[in-house]
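For reference, the chains in residue letters:
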Amino acid sequence: MPRTLPALALRTQVLFPGQITQVTVGRGPSVAALDLHLDRKVDLVATLQLDPGLENPGPDDVAKVGVLCRVLRTMNLPDGSVRALVEVLSRCTVSDFHEAEREGTCCVPGRFAGPASDTKAVQAATRRVIELAREIFATSSPEKPPDALERALELHQEPERVCDHLAPQVGVIPAEAQELLEEPDLAKRMERLAWFMERSQQYALLKRTIADDVQKQMDAGQREYQLREQLKAIQK
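On a predicted model such as this, the values are computed, not experimentally measured, just so you know.

Caption draft 1: The nonpolar core, seen in detail. Judged by nonpolar contacts, the single largest core of 47 residues is most densely connected at Leu15, Val129, Leu166, Leu193 and Met197. Core analysis: the next-biggest nonpolar cluster, separate from the first, contains ten residues, Ala9, Val62, Val94 and Cys107 among them.

Rendered as structure tokens:
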């Protein structure tokens, strides 16, 4: 792996291996890093910026685990920023994130490796994650029916790929997504994902319950209004 690679600090996005997604790059050093990636045809590192409000993040302001990716295409936007379609390749460690004078932001990537996970624990957590995924998408995503989910999971049969496929889709905030990205123990990562999915499921249920209660109150109010109007008509 090259010692130094161009790098992006993303304000609110956490990317996972296997994704093909869009990122918008606006800061001058980040655009320079993107240009260097395209010119030299080297991998591009993307990592989460811990404080999204910082304009010039330094080595202590970015997550220590990110991803290697490559840009498939770009589009220049009217405000000077660049929208890039990226393919995410793999996890990597991130150190010495800094801005080079002419090359934009860059860092020293390293190999991401975790301990051997308990196979039975991984399998049990994976079954739970897939079960939750079917339940969540069946009830909350009619535009993405369960059979589409089944096809997606068939393409991501390995537990690690299942986790990376589902992690961006379960409504976690950036810090939680980063937690999933950098957890080295696959069994713990899958168990944490299951916890986030169960929470999402509970939130969705609570949201539906509140909406049903509000609708019932509105229906009751409408019936009362109609009755009052009918009484007024009778009394005339």
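What follows picks up the thread again.
Caption draft 2: Geometry of empty space enclosed by the protein. All told, the structure shown has one cavity of 30 Å³ or more when counted by the stated rule. Here the largest cavity defines a volume of roughly 40 Å³. Every residue lining the largest cavity is listed: Leu10, Gln13, Val14, Leu15, Ala46, Thr47, Leu48, Val65, Gly66, Val67, Gln178 and Leu181. Taken together, the elements giving at least two residues each to the lining of the largest cavity come down to β3 (44–48), β4 (65–76) and α5 (174–182). By residue class, the composition of the lining of the largest cavity is eight nonpolar, four polar and no charged.

Caption draft 3: Highlighting the packing of aromatic side chains. One pass over the full model with this rule turns up one aromatic pair. Ring geometry for Trp195 versus Phe196: centroids 5.6 Å apart, planes at 75°, classification edge-to-face. On the accessibility criterion, Phe196 (1% relative accessible area) is buried. Taking the ring centre of Trp195 as reference, the NZ or CZ of Arg192 above it sits at 4.8 Å.

Caption draft 4: Fine view of a nonpolar patch on the surface. Residues Ile210, Val214 and Met218 make up a contiguous nonpolar surface patch of roughly 280 Å² in combined accessible area. For Val214, the location among the structural elements is in helix α6 (residues 186–235).

Caption draft 5: Up close: the pairing of β3. Of all five residues making up β3, five are buried, and the element is well covered by its neighbours. The alternating pattern of β3 places Leu44, Ala46 and Leu48 and Val45 and Thr47 on opposite faces, both of which are buried. In this sheet, β4 lies alongside β3 in antiparallel orientation, the contact comprising three bridges. Note that in β4 the partner of Val45 across the bridge is Leu68.

Caption draft 6: The confidence of the model for the protein chain, seen in detail. Per-residue confidence for the protein chain averages 86 on the pLDDT scale, and 86% of its residues sit at or above 70. When mean pLDDT is taken per element in the protein chain, β3 scores highest with 97 and helix α3 (residues 146–155) scores lowest with 63.

Caption draft 7: Seen up close, helix α1 (residues 28–40). Across its 13 residues, α1 extends 18 Å between first and last C-alpha, which sits within 8% of the 18 Å expected from 1.5 Å per residue. Inspection of α1 places Pro29, Ser30, Val31, Ala33, Leu34, Leu36 and His37 among the buried residues, and these make up the whole buried set. Packing partners of the buried residues in α1 comprise β1 (5–10), β2 (20–25), β3, β4, β5 (82–100) and β6 (104–111). Where α1 terminates, the next one or two residues include Lys41, which has phi positive at roughly 55°.

Caption draft 8: Main features of the environment of Asp61. Take Asp61: it is sitting in the loop between β3 and β4. Residue Asp61 is classed as partly exposed on the basis of its relative accessible area of 26%. Considered as a pair, Asp61 and Asp51 are ten residues apart in the sequence and their alpha carbons are 6.8 Å apart. When neighbours within four sequence positions are excluded, Asp61 is seen to be in contact with Leu48, Gln49, Leu50, Asp51 and Leu54. A distance of 2.7 Å separates the side chain of Asp61 from the backbone nitrogen of Gly58, its partner in a polar contact.

Conventions we followed
- Throughout, residues of each chain are indexed from 1 in the direction in which the sequence is written.
- pLDDT decides what is reported in this predicted model: residues at 70 or higher carry local features, side-chain atom pairs at 80 or more are listed and counted, and totals for whole chains, interfaces and linings draw on all residues regardless.
- Heavy atoms from the whole structure form the basis of all side-chain values; hydrogens and water molecules are not counted.
- Take the buried residues of types Ala, Val, Leu, Ile, Met, Phe, Trp, Tyr and Cys, join any two whose side-chain atoms come within 4.5 Å, and each joined set is a nonpolar core.
- Partly exposed describes any residue whose relative accessible area lies between the buried limit of under 20% and the exposed limit of over 50%, with all areas from a 1.4 Å probe on protein chains only and scaled to the type maximum.
- Method remark: on a 1 Å grid restricted to protein atoms, a set of points is classed as a cavity if a 1.4 Å probe fits but cannot get out and as a pocket if it is open with protein on both sides within 12 Å along at least five of seven lines; lining residues have an atom within 4 Å of a point.
- Grid points are joined across faces, edges and corners, and a volume is the space filled by probe spheres set on the points.
- Helix and strand labels come from DSSP, where a helix needs a run of H or I of at least four residues and a strand needs a run of E of at least two; each type is numbered from the N terminus.
- Each residue gets one label: Ala, Val, Leu, Ile, Met, Phe, Trp, Tyr, Cys and Pro are nonpolar, Asp, Glu, Lys and Arg are charged, and the others, such as Gly, are polar.
- Two aromatic rings, drawn from Phe, Tyr or Trp (for Trp, its six-membered ring), form a pair once their centres lie within 6.5 Å of each other, and the interplanar angle then sorts them: stacked below 30 degrees, edge-to-face above 60, tilted otherwise.
- Geometrically, a lysine NZ or arginine CZ counts as sitting over a ring once it is within 6 Å of the ring centre and also within 35 degrees of the ring normal.
- Residues enter a patch when their relative accessible area is above 30% and they make no salt bridge; the linking distance is 9 Å between like charges and 5 Å between nonpolar side chains (Val, Leu, Ile, Met, Phe, Trp, Tyr).
- Throughout, the Shrake-Rupley method with a 1.4 Å probe supplies accessible areas, and for residues the shown protein chains are the sole cover considered.
- Between Lys or Arg on one side and Asp or Glu on the other, a salt bridge is scored when a side-chain nitrogen of the former is within 4 Å of a carboxyl oxygen of the latter.
- Two strands are said to pair when DSSP picks up at least two bridges between them.
- What pLDDT conveys is the predictor's confidence in a given residue, as a value from 0 to 100.
- Multiplying 1.5 Å by the residue count of a helix minus one yields the expected span of that helix.
- Any two residues whose heavy atoms approach within 4.5 Å are treated as being in contact.
- Think of a polar contact as two N or O atoms within 3.5 Å of one another; within protein, one of them needs to be a possible hydrogen donor and the other a possible acceptor, and neighboring residues in sequence only count if both atoms come from side chains.

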